[in-house]
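Okay, here's what each chain looks like letter by letter:
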Amino acid sequence: MRKTGRQMIGQTFVYMKSMRFWLAVLLFLFTCLLSEVSYYDGMQYQNDSILELLFSRKWEAQMYENTAFSSYEILCNYDSSMWFSLLIICIFSFPSVSAFMEEYYSGEYYFMISRMSVKAYSLMKFIAAGLTGMGVCLFGYLMFAGLVVLRFPNVRNYPEEYLAQNGIDLVRLFWQWANLLLTAALISMFVLLVASFVRDMYFVFGLPMLCSYLIFHIEVSVYRRNPDGMGLWHAVWGLVNLPRYSKLYLMFESLTGAALIWFYLLLLLEICAMFAVFFHVVKRRCRKNV
């Protein structure tokens, strides 16, 4: 077990030292910068991205009249862009999955299988994919947080009446970030599973994005027809749409009536099921090519 653990960590570092990893980090930073802030400029309603606000000064005259410009609020709403939930599917999984596909479909994995069991190989790739996705999320978000803290005002500099109305909840920010890390791991593992079935890289990254897009629009369509009967179904739709996991925990208890611990148990069960399928597919391929 220790040997397998060292192999997982070693494989993760191999992925994280590649150019693909740092490209994914920069892409995630850019995706966070696409998040939006809504405010009124005089009588005109504005909806600007953080990227625009970084290089603009027009909002500075009213920055202490609206807590939406505070670094705290921006860090909490990193996913307000309409593209966020689609782009992260490719970004989090790209470094590990693209490298795995090159190795897996070229036959290079035979050299590794000869030195370890199929189960150890599958577990190493599966866990390393999740850890690499978390690494992309961690470094990308830290870069985003650094830019935001340097450019936008600290929420504690606002008048007390604004703070009393909006509040500061650092625990909320921490849990939001921790669940985003879990979402990054889950997405990377799922796309790795898809890659074990499909050789075409465009299809591997495009199919999960298409499924997420369709699930979201089906959910919206159902909600419009029956807005009062969506409680439990809203949670079910969220559980099959991986990019939603980073915020689903906030609504899980109110939507289902179940304790939050069930959300994380379902997540763990989902990971175990994905690994079982992934291991079976890799094992079957090895047997066919022996």
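For every chain, the first residue of the written sequence is number 1, and numbering continues from 1 along that sequence. Two thresholds apply to this predicted model, a pLDDT of at least 70 for residue-level local features and 80 or more for giving and counting side-chain atom pairs, whereas whole-chain, interface and lining totals are computed over all residues. As a convention, hydrogens and water are excluded, and side-chain values are obtained from all of the structure's heavy atoms.

Draft legend 1. Highlighting the packing of helix 7 (residues 118-151) against helix 9 (residues 170-195). At a closest axis distance of 7 Å, the pairing of helix 7 and helix 9 adopts a crossing angle of 140°. The orientation of helix 7 relative to helix 9 falls into the category oblique. In this structure, the crossing between helix 7 and helix 9 has a hand that is right-handed. Between helix 7 and helix 9, the residues in contact are K125, F126, I127, A129, G130, G133, M134, C137, L138 and Y141 and L173, W177, L180, L181, A184, A185, S188, M189 and L192, respectively. The residue inventory of the contact of helix 7 with helix 9, partitioned by class, reads 15 nonpolar, three polar and one charged. With axes taken as lines fitted to C-alpha atoms, and helix axes fitted only over the stretch in contact, angles between N-to-C directions fall between 0 and 180 degrees. Secondary structure elements follow DSSP: runs of H or I no shorter than four residues count as helices, runs of E no shorter than two count as strands, and numbering proceeds from the N terminus. Working definition: roughly parallel below 35 degrees, roughly antiparallel above 145 degrees, roughly perpendicular at 65 to 115 degrees, and oblique for all remaining angles. For any pair of crossing helices, the crossing counts as left-handed if the nearer helix is rotated counterclockwise from the farther one by less than a right angle, and right-handed if it is rotated clockwise. We call two residues contacting when some pair of their heavy atoms lies within 4.5 Å. Three residue categories are used. Nonpolar comprises Ala, Val, Leu, Ile, Met, Phe, Trp, Tyr, Cys and Pro, charged comprises Asp, Glu, Lys and Arg, and polar comprises the others, including Gly.

Draft legend 2. Structural view of the environment of S93. Summarising the element assignment, S93 is placed in helix 5 (residues 84-106). Taking the C-alpha atoms as reference points, S93 and M189, separated by 96 residues in sequence, lie 7.7 Å from one another. Excluding anything up to four places from it in sequence, S93 contacts S98, S188, V191 and F205. Pairs of N or O atoms within 3.5 Å make up the polar contacts considered here, provided that, within protein, one atom can donate a hydrogen while the other can accept it, and that residues adjacent in sequence are counted only when both atoms are side-chain atoms. Looking at S93, its side chain comes within polar contact range of the main-chain oxygen of I89, at 2.6 Å.

Draft legend 3. Seen up close, the packing of helix 2 (residues 19-33) against helix 5. Look at helix 2 against helix 5: their axes get within 9 Å of each other, and the N-to-C directions meet at 180°. Classified by the interaxial angle, the pair formed by helix 2 and helix 5 is roughly antiparallel. Mapping the contact onto sequence places R20, F21, L23, A24, L27, F28, T31 and C32 in helix 2 and F84, L87, I88, I91, F92, F94, P95, S98, A99 and E102 in helix 5. Residue composition of the contact of helix 2 with helix 5, by class: 14 nonpolar, two polar and two charged.

Draft legend 4. Structural detail: the nonpolar core. Counting 72 residues, the largest nonpolar core has F28, I50, F92, F100, Y121 and F144 as the members making the most contacts within it. In terms of residue count, the dominant contributor to this core is helix 7 (13 residues). Once residues within four sequence positions are removed from consideration, Y121 is found in contact with F100, E103, Y104, Y109, M112, I113, M116 and V282. Here the nonpolar core consists of buried residues drawn from Ala, Val, Leu, Ile, Met, Phe, Trp, Tyr and Cys, with membership extended through side-chain atoms lying within 4.5 Å. Whether a residue is buried, partly exposed or exposed follows from its accessible area with a 1.4 Å probe, protein chains only, as a fraction of its type maximum: under 20%, in between, or over 50%, in that order.

Draft legend 5. Local environment of the packing of aromatic side chains. Between the rings of Phe, Tyr and Trp (Trp by its six-membered ring), a pair exists once the centres lie within 6.5 Å; its type follows the angle of the planes, with under 30 degrees stacked, over 60 edge-to-face, and the other angles tilted. For the coordinates displayed, the defined rule picks out 16 aromatic pairs. With centroids separated by 5.0 Å and ring planes inclined at 80°, the aromatic side chains of Y104 and Y105 adopt a geometry described as edge-to-face. When its relative accessible area of 16% is taken as the criterion, Y105 is described as buried. Considering the side-chain rings of Y141 and F144, the 6.0 Å spacing of their centres and the 55° angle between planes classify their relative orientation as tilted. Of the two residues, Y141 and F144 both sit in helix 7, three residues apart, roughly one turn of that helix. With respect to burial, Y141 and F144 carry one shared label: buried. Among the aromatic residues, those joined into a cluster by ring pairs are F100, Y104, Y105, F126, F275, F278 and F279. When the ring centre of Y104 is taken as origin, the NZ or CZ atom of R285, which lies over that ring, is 4.8 Å away. Ring-over charges, as used throughout, are those where CZ of Arg or NZ of Lys falls within 6 Å of the ring centre and within 35 degrees of the ring normal.

Draft legend 6. Seen up close, the pattern of salt bridges. Think of a salt bridge as a Lys or Arg side-chain nitrogen and an Asp or Glu carboxyl oxygen that are within 4 Å of each other. Throughout the structure, instances matching the rule amount to two salt bridges. When the shortest N-O distance is used, the salt bridge between E102 and R20 registers 2.7 Å. Note that E102 is positioned in helix 5 and R20 in helix 2, a separation of 82 residues in sequence. Close ionic contact of K125 with E103 constitutes a salt bridge, the shortest N to O distance being 3.2 Å. Of this pair, K125 sits in helix 7 while E103 sits in helix 5, placing them 22 residues apart in sequence. There is no split in this pair, since K125 and E103 are both buried.

Draft legend 7. Seen up close, a nonpolar patch on the surface. To count toward a patch, a residue needs a relative accessible area above 30% and no salt bridge. Like charges then connect within 9 Å, nonpolar side chains (Val, Leu, Ile, Met, Phe, Trp, Tyr) within 5 Å. To be clear on the numbers: accessible area is Shrake-Rupley with a 1.4 Å probe, and residue cover counts the displayed protein chains and nothing else. A cluster of nonpolar side chains, contributed by L210, Y213, L214 and I218, occupies part of the molecular surface with about 370 Å² of accessible area. In this structure, Y213 sits in helix 10 (residues 201-225).

Draft legend 8. A look at the side chain of S35. Inspection of the secondary structure puts S35 in the loop between helix 2 and strand 1 (36-41). Judged by its relative accessible area of 1%, S35 is buried. A polar contact is formed between the side chain of S35 and the backbone oxygen of C32, at a distance of 2.6 Å. Not counting residues within four places of it along the chain, the set of residues in contact with S35 comprises D48, S49, I50, N77, Y78, S80, S81 and F144.

Draft legend 9. Spotlight on helix 2. What a helix is expected to span follows from its residue count: subtract one and scale by 1.5 Å. When the terminal C-alpha atoms of helix 2 are compared, their 21 Å separation across 15 residues agrees well with the 21 Å that a helix rising 1.5 Å per residue should span. Buried within helix 2 we find F21, A24, V25, F28, L29, T31, C32 and L33.

Draft legend 10. Summary view of a positive patch on the surface. Positive charge collects at one region of the surface, where R2, K3, R6 and R115 lie side by side. Mapping R115 onto the fold places it in the loop between helix 6 (109-113) and helix 7. R115 gets classed as exposed once you look at its relative accessible area, which sits at 57%. Only four residue types enter the charge count, namely Lys and Arg as positive and Asp and Glu as negative; His and the chain termini do not. Note that the charge is assigned to NZ on lysines, CZ on arginines, CG on aspartates and CD on glutamates.

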